[in-house]
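Residues per chain are reported as follows:
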Amino acid sequence: MTASSTSSPAAAVRPATFAELPALLASAPHRLLFLTGSIAVLLSMAWWALELTWMRFGLGDWPQPSIPPAYAHGMLIQYGMFPLFMFGFLLTVFPRWLNRPSLPRSRYVPVAGCVFGGYVLANVGLLDLPWLLASGMALMLLGYLIGLVTLASVLRASADRNDHARSCLLALALGVLGLIAFLAYLFGAPDECAQLAVRLGTFGLLLPIFFSVTHRMLPFFSGNMVKGYTVVRPRWSLPVVWVSLLAHLLLDWRGALGWLWLADIPLALVFAWHALAWQPWKAMRPGVLAVLHLAFAWLPVAFVLYAVQDVIYVVSGQMLFVRAPLHALAIGYFGSMLVAMVTRVTQGHSGRPMRMGAVPWLCFVLLQLVALVRIRAEFGGDVYLWLVIAAYGWLLAFLPWVLRSAWIYLTPRADGKPG
């Protein structure tokens, strides 16, 4: 980009030409991976919305996947959609966390190509094309391995044995294990392999990374933006959370539901302690900071629901709430934190003002309603109707945000800087 092109505000926000687009998208890890993640936000839920519509109302000859739809939904959202954003974030911040040079595009473009390419193939494979589903999952696994090796090389080259970096690497390694387990299931291994893979996606991959990043960044952002804010970042909480999550994962996978409270009550207490220790009442302005605290509030809520569910099961033998705690976690915490964190990174790395703006706020507020609707579905009535409403609500909430985000990723930085 020439000096004359960066001096004009209009030039700074013009979309890239077709010839410029590959170089622009490859100029920083977050551009390519956040763009593909934004596409996945709509693609995953569009398929699920149509699938639920078929279940509730009928949809002609809508092709059915060769695996249970719940497995397809859980795997592609947990290993495809969310991780595109996670890789975009981690490949950007790992070198900064560890005082290392930024990664060259040769290290992150293959991750984006394999994970997103495999995700797209696997989604097409859900249209009763099992060989394509397996091929897509295998390509995603390759992307994970490249990403894991790349991030591990950054950590290995650093003198700083950063707790947050190690936690994220462990989670990605469990994500690799989950994809291997699911591929084994696709090639004839027992159903337990698929169940393990889905649980690893939630409690071994997503939640550890989301919490590790929140643990590092939320107090840091708050301390930078709020006068008199006390930064609290206890080292004990990451290992406590890891041990408890692995206990929950194994107990749930092996069907020892009567003992889940041993993991879920400590998790509820630890997350509630953090929610209070991070003093959200001091951080309700600006909005780009407030949404991080509001999103985190869903995490203790989810595990209070898990803990109450566990105690009721021990006392009565009834599993109430069904998947309400899971969706308080998945939509409430993961979804809200995705909007909050990605909006913040997108604003900062595109040279725009550090504020939420109308479109991200709309998405965030609507997503809170979607979470409540999805939780409501577990409490009786026409369950599938509530599920359909929640799925299309997700699409409605995210569509303007995705379009706005895509425009930013497809245009040069507003301040004319590279990246």
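See the structure above.
For clarity, every value in this text was computed on a predicted model and none was experimentally measured.

> Just checking my understanding: could you explain the overall build of the chain for this structure?
Helices and strands together make up the secondary structure of the chain, namely 16 helices and zero strands. Relative to the globule expectation of 22 Å for 419 residues, the C-alpha radius of gyration of the chain, 21 Å, shows essentially globular dimensions. Principal-axis analysis of the C-alpha atoms places the extent of the chain at approximately 70 × 55 × 40 Å. Counting over 419 residues, the chain shows a buried share of 56%. About 16,800 Å² of surface is accessible on the chain, with carbon and sulfur atoms providing 71% of the total. The chain carries 27 positive and 14 negative side-chain charges, and their two centres are separated by 18 Å.

> How should I be thinking about the packing of aromatic side chains in this particular structure?
Aromatic ring pairs are described here by two measures, namely the spacing of the ring centres and the angle between the planes. Throughout the structure, instances matching the rule amount to 29 aromatic pairs. Summarising the aromatic geometry, the rings of phenylalanine 82 and phenylalanine 334 are spaced 5.9 Å apart at their centres and angled 70 degrees between planes, so their arrangement reads as edge-to-face. Separated by 252 residues along the polypeptide, phenylalanine 82 in helix 5 (residues 69-97) and phenylalanine 334 in helix 14 (residues 324-349) bring together distant segments of the chain. Residue phenylalanine 82 shares its accessibility class with phenylalanine 334, and that shared class is buried. Ring pairs connect the aromatic residues Phe82, Phe203, Phe210, Phe211, Phe271, Trp278, Phe296, Phe303, Tyr306, Tyr333 and Phe334, which therefore count as one cluster. Above the face of the tryptophan 253 ring, arginine 254 is positioned so that its terminal group lies 4.6 Å from the ring centre. In this structure, arginine 344 is placed above the aromatic ring of phenylalanine 221, and the distance from its NZ or CZ to the ring centre is 3.6 Å.

> How do you make sense of the nonpolar core when you look at a structure like this?
Here is a general trend for soluble globular proteins: nonpolar side chains tend to be buried in one another's company. By size, the foremost hydrophobic cluster in this structure holds 142 residues, and its most contacted members are Leu90, Phe94, Trp97, Phe303, Tyr333 and Phe398. Examining the composition of this core, we find that 18 residues originate from one element, helix 5, more than from any other. What tyrosine 333 contacts, discounting residues up to four positions off in sequence, is Leu207, Phe210, Phe211, Thr214, Ala295, Phe296, Trp298, Leu299, Ala328 and Leu338.

> Could you clarify how one ought to interpret the side chain of histidine 164 in this entry?
Of note, histidine 164 is situated in helix 8 (residues 163-186). Side chain to side chain, histidine 164 and histidine 215 meet in a polar contact 2.8 Å long. Every residue in contact with histidine 164, bar those within four places of it in the chain, is listed here: Trp97, Ser212, His215, Arg216, Arg233 and Leu238.

> Explanation requested: the pattern of salt bridges in the structure shown.
Once their charged atoms are close, side chains differing in charge can pair, the charge on each being opposite to the other. For the coordinates displayed, the defined rule picks out seven salt bridges. Of the charged contacts in the structure, one is a salt bridge between glutamate 192 and arginine 254, with a shortest N-O distance of 3.4 Å. With a gap of 62 residues between them, glutamate 192 in helix 9 (residues 191-225) and arginine 254 in the loop between helix 10 (237-253) and helix 11 (261-277) connect regions that are remote in the sequence. The partner of aspartate 415 in a salt bridge is arginine 413, with the nearest N and O atoms 2.7 Å apart. Judged by its relative accessible area of 33%, aspartate 415 falls in the partly exposed class.

> Please clarify how the environment of serine 237 should be interpreted in this entry.
Tracing the sequence through the fold places serine 237 in helix 10. C-alpha of serine 237 to C-alpha of valine 270: the two residues are 33 residues apart in sequence and 7.3 Å apart in space. Excluding its chain neighbours within four sequence positions, the residues that come into contact with serine 237 are Phe211, His215, Val270 and His274. In terms of polar contacts, serine 237 uses its side chain to reach the backbone carbonyl oxygen of proline 234, at 3.1 Å. Side-chain polar atoms of serine 237 contact the side chain of histidine 274, separated by 3.0 Å.

Definitions and cut-offs
Residues numbered from 1 in each chain as written. Predicted model: local features only at pLDDT ≥ 70, side-chain atom pairs only at ≥ 80, totals over all residues. Heavy atoms only, no water. Helix = DSSP H or I, 4+ residues; strand = E, 2+ residues; numbered from the N terminus. Rg over C-alpha atoms; globule rule 2.2 N^0.38 Å. Buried < 20%, exposed > 50% of the residue type's maximum accessible area, 1.4 Å probe, protein only. Areas by Shrake-Rupley, 256 points an atom, 1.4 Å probe, with all protein chains shown as cover. Lys, Arg positive; Asp, Glu negative; His and termini not counted. Charge placed at Lys NZ, Arg CZ, Asp CG, Glu CD. Phe/Tyr/Trp six-rings, centres within 6.5 Å; stacked < 30°, edge-to-face > 60°. Lys NZ or Arg CZ within 6 Å of the ring centre and 35° of its normal. Core = buried A, V, L, I, M, F, W, Y, C linked by side-chain atoms within 4.5 Å. Contact = heavy atoms within 4.5 Å. Polar contact = N/O pair within 3.5 Å; in protein donor to acceptor, adjacent residues only side chain to side chain. Salt bridge = Lys/Arg side-chain N within 4 Å of Asp/Glu carboxyl O.

Function cannot be inferred from these measures alone, as they are strictly geometric.
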